[in-house]
Amino acid sequence: MAVKNAMTADFLRSAYGGECMAHMRYLTWGEVAEKEGFPNIARLFKAIAYAEQVHAGNHFNVLNGNIGDHPVTAGGVFGLKNTAENLQGGIMGEEFEVDQMYPAYLEVAKMQKEEEAVRSFTFALEAEKIHAELFKKAKEAAEQGKDFEVNKIYICSVCGHTATDELPNQCPVCGAKKGIYKEF
């Protein structure tokens, strides 16, 4: 079913644009981390880029049938610096989504009874909380000239939930079985 309310549709398009930009930004920043000798931070950027792709796809799919020419405005951190500074950019972007963007989008979707948008925004919000914390830990390591300590990174391909080192039996956000997670 297509989104019925214009405001929720605009928020879905904005979130889609932001997630697409984050996806590409994190892939680029991952390349920098790799070149600077931080393979685990590079892997973290690549894993979270995949989670952002999942979020973008979810938002896009909720707009089912909403075809047309629409401007997409989304804020985003721009710039290419060293790994620690790029991680700070990631922290800023994730915290904006957690503290401002998704809570507002979620409340409007709830008010407008757009259940699929509520689901998509909730999935993204829960993952972004984890991403901000992981970027903070990785930044601490990079500032000390060390790589991020992590063995495996898992991303739920349904909602973007992110887990490190231990794969949950079931996604705590969407309920998907552990076989749906992608390992990085």
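Before going into details, it helps to say that this report is about the structure given with it. The residue count restarts for each chain, going from 1 along the sequence in the order it is written. A pLDDT threshold of at least 70 governs which residues receive local features in this predicted model, and a stricter bar of 80 or more applies before side-chain atom pairs are shown or counted, although totals over entire chains, interfaces and linings include all residues. The basis for every side-chain value is the complete set of non-hydrogen atoms in the structure, without hydrogens or water.

## Considering the sheet that holds strand β2 (residues 162-164)
- Whether two strands pair depends on DSSP finding at least two bridges between them. Comment: elements are numbered from the N terminus, with helices defined as DSSP H or I runs of at least four residues and strands as E runs of at least two. In space, the three strands of this open sheet follow the order β2-β1-β3, with antiparallel pairing throughout. Strands at the two margins of the open sheet, each flanked by one partner only, are β2 and β3 (181-183). Along the sheet, successive strands turn relative to each other by an average axial angle of 25°, direction set aside.
- Pairing between strand β1 (residues 153-156) and β2: three bridges, direction antiparallel. Bridge pairing in β2 links Tyr154 to Ala163.
- Note on definitions: a residue-residue contact is assigned when non-hydrogen atoms from the two residues lie within 4.5 Å. Each axis is a line fitted through C-alpha atoms, and for a helix only the stretch in contact is used; angles between axes span 0 to 180 degrees, taken between their N-to-C directions. The strands touched by helix α2 (residues 39-62) within the sheet are β1, β2 and β3, with β1 carrying the most contacts at an inclination of about 5°.

## Quick notes on the packing of aromatic side chains
- Two aromatic rings, drawn from Phe, Tyr or Trp (for Trp, its six-membered ring), form a pair once their centres lie within 6.5 Å of each other, and the interplanar angle then sorts them: stacked below 30 degrees, edge-to-face above 60, tilted otherwise. Under the definition given, this model contains eleven aromatic pairs.
- Measuring from centroid to centroid gives 5.9 Å for Tyr26 and Phe45, while their planes differ by 35°, and the two rings are tilted. Linking Tyr26 in helix α1 (residues 6-35) with Phe45 in helix α2, this pair joins segments that are 19 residues apart in sequence. You'll find Tyr26 and Phe45 in the same group, each marked buried.
- Note on Tyr105 and Phe121: the rings are 5.6 Å apart at their centroids and 50° apart in plane angle, and the pair reads as tilted. Here the term buried applies to any residue with accessible area under 20% of the maximum for its type, exposed to any over 50%, and partly exposed to those in between, with areas from a 1.4 Å probe on protein chains only.

## Details of the nonpolar core
- The set of buried Ala, Val, Leu, Ile, Met, Phe, Trp, Tyr and Cys residues whose side-chain atoms join them within 4.5 Å is what this entry labels a nonpolar core. In this structure, Tyr26, Ile41, Leu44, Phe45 and Phe135 are the most contacted members of the largest nonpolar core, which totals 27 residues.
- Elements that contribute at least two residues to this core include exactly α1, α2, α3 (83-111), α4 (115-143) and β1.
- The dominant element in this core, judged by the number of residues it contributes, is α2, at ten residues.
- One finds Ala15, Leu63, Tyr102 and Leu106 within the second-largest nonpolar core, a separate group that totals 17 residues.

## A short note on the environment of Arg13
- Mapped onto the elements of the fold, Arg13 is located in helix α1.
- Along the sequence, Arg13 and Ala56 sit 43 residues apart, while their C-alpha atoms lie 9.1 Å from each other.

Any link to function would need more than the numbers given here.
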